[in-house]
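# Report on the structure
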There are 2 protein chains.
Amino acid sequence: MLSESDRQVTQKLAPQLAEVEARFAAELRSDLPCVNDLVLHVERYRGKMLRPTLVLVSAMACRGDRPPDDAHRIVATVAEMVHMATLVHDDILDEADLRRRGATINHLVGNEAAVMLGDYLISHAYHLCSSIGRADIARRIAFATNTVCEGELYQLANRNNWELDEATYYEIIRRKTASLCGECCRVAAFLCDDDMTSAELGRTAEALYTYGEKLGIAFQIVDDMLDLTGDAATVGKTLGRDLDKGKLTLPLIHFLSRAEGATRAQTLDLLHRRAGAETDEAFRLASLERLRAALSDSGAVAYARTAAERLIAEAKAALADNLPPGAARATLDRMADAVLTRNF
Amino acid sequence: MLSESDRQVTQKLAPQLAEVEARFAAELRSDLPCVNDLVLHVERYRGKMLRPTLVLVSAMACRGDRPPDDAHRIVATVAEMVHMATLVHDDILDEADLRRRGATINHLVGNEAAVMLGDYLISHAYHLCSSIGRADIARRIAFATNTVCEGELYQLANRNNWELDEATYYEIIRRKTASLCGECCRVAAFLCDDDMTSAELGRTAEALYTYGEKLGIAFQIVDDMLDLTGDAATVGKTLGRDLDKGKLTLPLIHFLSRAEGATRAQTLDLLHRRAGAETDEAFRLASLERLRAALSDSGAVAYARTAAERLIAEAKAALADNLPPGAARATLDRMADAVLTRNF
């Protein structure tokens with residue numbers, strides 16, 4: 001249930017997000033029809049627009065709830081392009097066939113076009129980003145993207161590492177997901193440098209980064225949990241994919257770290273056999289069900305959920321301690337809470 | 001045989017290129033060992049450093065043969081990173097196993113890490129590019145990269161199009177190869193805006209773009225010819241790959257456009273059968289030999305070579321008409337000539 005102030009922010013936000021969508025499409029338009037055909041597939045990927053929304057609402061929180069300006073909308077579009085590029089390339093890595101209830105681009109047009117289409121998106125993101133004439137902002141966005149790539153490579157290096165520890169798991173998702181969310185919030189502040197003193201700006205920017213980073217980590221924990229505990233029809237993508245691709249997620253990491261000798265050995269054996277049984281659909285489904293039950297019964301799912309809740313509380317505390325109260329700040333709080341209740 | 005002035009330029013260039021190499025490695029260094037291990041593979045890809053050299057020598061040609069400054073070296077490094085990223089991703093597209101006499105990254109570490117490693121390179125390229133604080137330069141580099149991606153997508157869309165016409169072939173290679181070469185030369189001029197009047201700058205920049213673009217088109221024609229006419233040991237990569245992947249190149253396009261009814265039908269039939277005979281190594285080699293002989297006998301190879309020679313003459317004429325004579329300009333001429341004699 002939205003509060004009245006939240007409703008006002010959401011109303012101001014709608015035309016801003018519509019502009020982001022329009023610019024996204026306009027920037028990617030090419031004189032080559034074959035390129036435009038591919039770009040249409042990307043627009044179908046469009047989801048919750050989390051990153052653009054983080055930029056725009058953070059900007060409003062920095063400017064006493066006044067609407068964002070054009071530079072914010074451009075950076076919001078850039079963030080969405082970078083994110084879309086990682087989705088397109090992620091789906092190649094994951095050999096995924098389904099994303100947001102639709103076929104993935106690699107499934108539709110092949111891995112080769114998907115590789116190049118992702119590159120086209122990244123390149124256009126930077127091209128658009130350089131149009132605001134702020135090298136400092138471009139550098140921050142590029143740094144966040146460097147970190148996202150590191151996170152992806154770190155995750156790949158730990159594929160089929162069934163001994164993955166919690167600290168490494170957190171470092172992977174901090175880089176691959178949370179760094180860009182944090183930067184989306186922080187650059188929104190740096191683009192408001194006319195509205196604040198330098199001391200205010202520094203404190204606000206860092207608080208927003210903390211908020212975005214913690215929200216991003218919680219988001220990824222919940223996303224990973226859905227792969228194990230969700231319902232395929234609701235989640236809109238194939239379940240158990242993380243497991244199929246040798247990716248451990250928080251409930252399982254916790255379960256394995258706490259399991260007694262025999263249970264641990266049996267679970268590891270099940271994971272190994274499952275990893276080697278790619279074509280045995282019946283075994284894959286049955287083993288997924290066994291794992292889901294074990295995780296749920298042992299409290300490992302609750303453990304992961306509590307970790308996400310704590311991060312969301314910390315994200316909100318960072319705002320409460322450093323940003324003046326206001327309608328946009330309340331919307332940021334509500335966005336953080338929504339990470340925990342999402343079932344998309 | 002290098003002239004005395006050319007030797008002087010080459011001597012000045014050596015420490016500049018060494019700095020580019022050092023910065024390339026330093027920029028890509030990560031705190032994650034798994035990332036550094038992958039980056040080492042990229043450094044093995046390092047080839048002739050054509051794009052960095054174009055930036056640096058163009059800069060010298062704009063500044064009366066004085067050495068380039070730091071911004072030029074940074075842009076030279078950026079161009080090499082973008083190029084390396086496209087090589088890494090190209091090899092995934094091409095399913096190539098061999099590049100510059102070494103195993104390709106996709107072959108060594110899998111397509112998944114190769115996708116992400118390419119992204120890591122592109123992202124770092126833009127991160128580095130934003131460090132010179134020139135949004136105009138960043139925007140030009142990003143635009144050239146947009147164009148490179150379009151060229152790759154255009155080429156993919158024409159895979160197995162055995163009716164590809166010459167105009168489309170030229171448009172593909174102009175975008176995927178020549179646009180970045182042209183921009184390397186042009187941005188070198190824009191970074192010398194203190195050394196020239198605005199009118200001089202405009203004329204010099206466009207002449208350098210024309211030079212780089214024509215050199216790039218000629219380079220790609222020759223590169224494509226080597227896939228058909230070269231010697232595997234000298235070329236350092238698998239021959240006939242373009243053909244295997246359904247890519248037509250200039251000699252073949254010309255041959256098919258001139259061939260009489262029966263010859264044309266037989267050749268198309270051979271190409272189709274070859275495309276469908278991926279595992280029949282003996283047939284693939286025999287058909288490659290037949291095609292090589294046909295192209296050579298018909299004058300189609302000579303036709304492509306003449307086209308490359310004409311482009312190189314035009315590239316040099318653009319310089320002669322618009323840049324003052326000097327040692328660096330002479331080196332640019334010699335680099336253009338080298339495109340025709342390369343056997344690497």
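Whatever comes next refers back to the structure up there.
Below or above, wherever it landed, is the structure these notes cover.

Calculation criteria
Residues numbered from 1 in each chain as written. Chains lettered and ligands numbered in written order. Predicted model: local features only at pLDDT ≥ 70, side-chain atom pairs only at ≥ 80, totals over all residues. Heavy atoms only, no water. Helix = DSSP H or I, 4+ residues; strand = E, 2+ residues; numbered from the N terminus. Rg over C-alpha atoms; globule rule 2.2 N^0.38 Å. Buried < 20%, exposed > 50% of the residue type's maximum accessible area, 1.4 Å probe, protein only. Contact = heavy atoms within 4.5 Å. Buried area = accessible area lost by both parts, 1.4 Å probe. Salt bridge = Lys/Arg side-chain N within 4 Å of Asp/Glu carboxyl O. Polar contact = N/O pair within 3.5 Å; in protein donor to acceptor, adjacent residues only side chain to side chain. Nonpolar A, V, L, I, M, F, W, Y, C, P; charged D, E, K, R; others polar. Core = buried A, V, L, I, M, F, W, Y, C linked by side-chain atoms within 4.5 Å. Phe/Tyr/Trp six-rings, centres within 6.5 Å; stacked < 30°, edge-to-face > 60°. Lys NZ or Arg CZ within 6 Å of the ring centre and 35° of its normal. Axes fitted to C-alpha atoms, helices over the stretch in contact; angles between N-to-C directions. Parallel < 35°, antiparallel > 145°, perpendicular 65-115°, else oblique. Left-handed = near helix turned anticlockwise from the far one by under 90°. Least-squares fit on C-alpha atoms with pLDDT ≥ 70 in both.

### Quick notes on the overall build of chain A
In terms of regular secondary structure, chain A is built from 16 helices and 2 strands. Relative to the 2.2 N^0.38 estimate, which gives 20 Å for 344 residues, the radius of gyration of chain A is 21 Å and therefore close to what a compact globule would have. Projected onto its principal axes, the C-alpha positions of chain A cover 60 × 50 × 35 Å. When the 344 residues of chain A are sorted by exposure, 60% land in the buried category.

### Some words on the interface of chain A and chain B
Each partner contributes residues to the interface: chain A has 43 residues there, and chain B has 43 residues. For the chain A and chain B pair, buried surface summed over both sides reaches about 3900 Å², with 69% attributable to carbon and sulfur atoms. On the chain A side of the interface with chain B, the three residues burying the most area are Glu112(A), Met116(A) and Leu153(A), jointly 17% of the side's total. Counting across the chain A and chain B interface gives 6 salt bridges. Glu112(B) is the partner of Arg159(A) in a salt bridge, and the nearest nitrogen-oxygen pair spans 2.9 Å. The interface formed by chain A and chain B contains 16 residue pairs in polar contact (both at pLDDT 80 or more). Breaking the side of chain A that touches chain B down by element, the ones donating at least two residues are helix 2 (33-45), helix 4 (70-94), helix 6 (111-129) and helix 7 (135-157) of chain A. Here the side of chain A that touches chain B gets 14 residues from one element, more than from any other, and that element is helix 7 of chain A. Here the residues of the side of chain A that touches chain B are counted per class, giving 22 nonpolar, 10 polar and 11 charged.

### Quick word on the nonpolar core
In terms of nonpolar packing, the biggest core is built from 242 residues, with Leu54(A), Tyr211(A), Ile221(A), Leu54(B), Tyr211(B) and Ile221(B) touching the most fellow members. Ignoring sequence-local partners within four residues, the contact set of Leu54(B) consists of Cys181(B), Cys184(B), Cys185(B), Tyr211(B), Leu215(B) and Met335(B).

### Digging into the packing of aromatic side chains
The full count for this structure, using the stated rule, is 3 aromatic pairs over all chains. Summarising the aromatic geometry, the rings of Tyr126(A) and Tyr126(B) are spaced 4.1 Å apart at their centres and angled 20° between planes, so their arrangement reads as stacked. Of this pair, Tyr126(A) sits in helix 6 while Tyr126(B) sits in helix 6 (residues 111-129), each in a different chain. Consider the rings of Tyr169(A) and Tyr170(A), whose centres lie 5.9 Å apart with planes at 70°: the pair is edge-to-face. In this pair, the class of Tyr169(A) matches that of Tyr170(A), namely buried. Across from the ring centre of Tyr209(A), 4.0 Å away, lies the NZ or CZ of Arg186(A), which sits over that ring.

### Focus on the environment of Cys181(B)
Residues and elements named next belong to chain B. In this structure, Cys 181 sits in helix 8 (residues 166-190). Classification of Cys 181 as buried rests on a relative accessible area of 0%. Sequence spacing of Cys 181 and Leu 319 is 138 residues, and the spatial spacing of their C-alpha atoms is 15 Å.

### Notes on the packing of helix 1 (residues 4-28) of chain B against helix 6 of chain B
Residue and element names in this part refer to chain B. Helix 6 packs onto helix 1 with a crossing angle of 110° between their chain directions and a minimal axis gap of 10 Å. Accordingly, the angle class assigned to the pair helix 1 and helix 6 is roughly perpendicular. For the element pair helix 1 and helix 6, the recorded crossing hand is right-handed. When helix 1 is examined against helix 6, the residues Arg 23, Phe 24, Glu 27 and Leu 28 are found in contact with a partner set consisting of Tyr 120, Leu 121, His 124, His 127 and Leu 128. Broken down by class, the residue content of the contact of helix 1 with helix 6 amounts to 5 nonpolar, 2 polar and 2 charged.

### Some words on the pattern of salt bridges
Across all of its chains, the model carries 54 salt bridges over all chains by this definition. Of the charged contacts in the structure, one is a salt bridge between Arg264(A) and Glu163(A), with a shortest N-O distance of 2.9 Å. Here Arg264(A), found in helix 13 (residues 261-275), pairs with Glu163(A), found in the loop between helix 7 and helix 8 (166-190); they are 101 residues apart in sequence, far enough to count as distant. Judged by its relative accessible area of 24%, Arg264(A) falls in the partly exposed class. The salt bridge partner of Arg73(B) is Glu19(B), with a shortest N-O separation of 3.1 Å. Here Arg73(B) is found in helix 4 (residues 70-94), whereas its partner Glu19(B) is found in helix 1, with 54 residues between them in sequence. Judged by its relative accessible area of 38%, Glu19(B) falls in the partly exposed class. Counted as one network, the salt bridges with shared partners bring together Asp31(A), Glu150(B), Glu171(B), Arg174(B), Arg175(B) and Glu213(B).

### Digging into helix 12 (residues 250-258) of chain B
Within helix 12 of chain B, 7 of the 9 residues are buried, which leaves the element mostly enclosed by the surrounding structure. Check the buried side of helix 12 of chain B and you find it contacts helix 8, helix 9 (198-229), helix 11 (241-244), helix 13 (261-275), helix 14 (281-298) and helix 15 (300-322) of chain B.

### With respect to the relation of the copies chain A and chain B
When chain A is fitted to chain B, the residual RMSD is 0.0 Å, and the transformation amounts to a turn of 180° plus an axial shift of 0.0 Å. Read as a symmetry element, the transformation amounts to a two-fold axis. Among all residues of chain A, the minimum C-alpha distance to the rotation axis is found for Ala135(A), at 3.0 Å. Counting the interface residues of chain A, we find that 100% of their copies in chain B are interface residues as well, pointing to one common contact surface.

### Observations regarding the environment of Ala14(A)
Residue and element names in this part refer to chain A. Mapped onto the fold, Ala 14 is located in helix 1 (residues 4-28). The exposure class assigned to Ala 14 is partly exposed, which follows from its relative accessible area of 46%. Between the C-alpha atom of Ala 14 and that of Thr 53, which follows or precedes it by 39 residues, the distance is 9.8 Å.

### Looking at unusual backbone geometry
In the Ramachandran plot, Met49(A) falls in the positive-phi region, its phi being about 55° despite a non-glycine side chain. Along the chain, the position of Met49(A) falls in the loop between helix 2 and helix 3 (50-62). Its identity as a non-glycine residue notwithstanding, Asn160(B) has a phi of 60°, on the positive side. Among the structural elements, Asn160(B) can be located in the loop between helix 7 (135-157) and helix 8.

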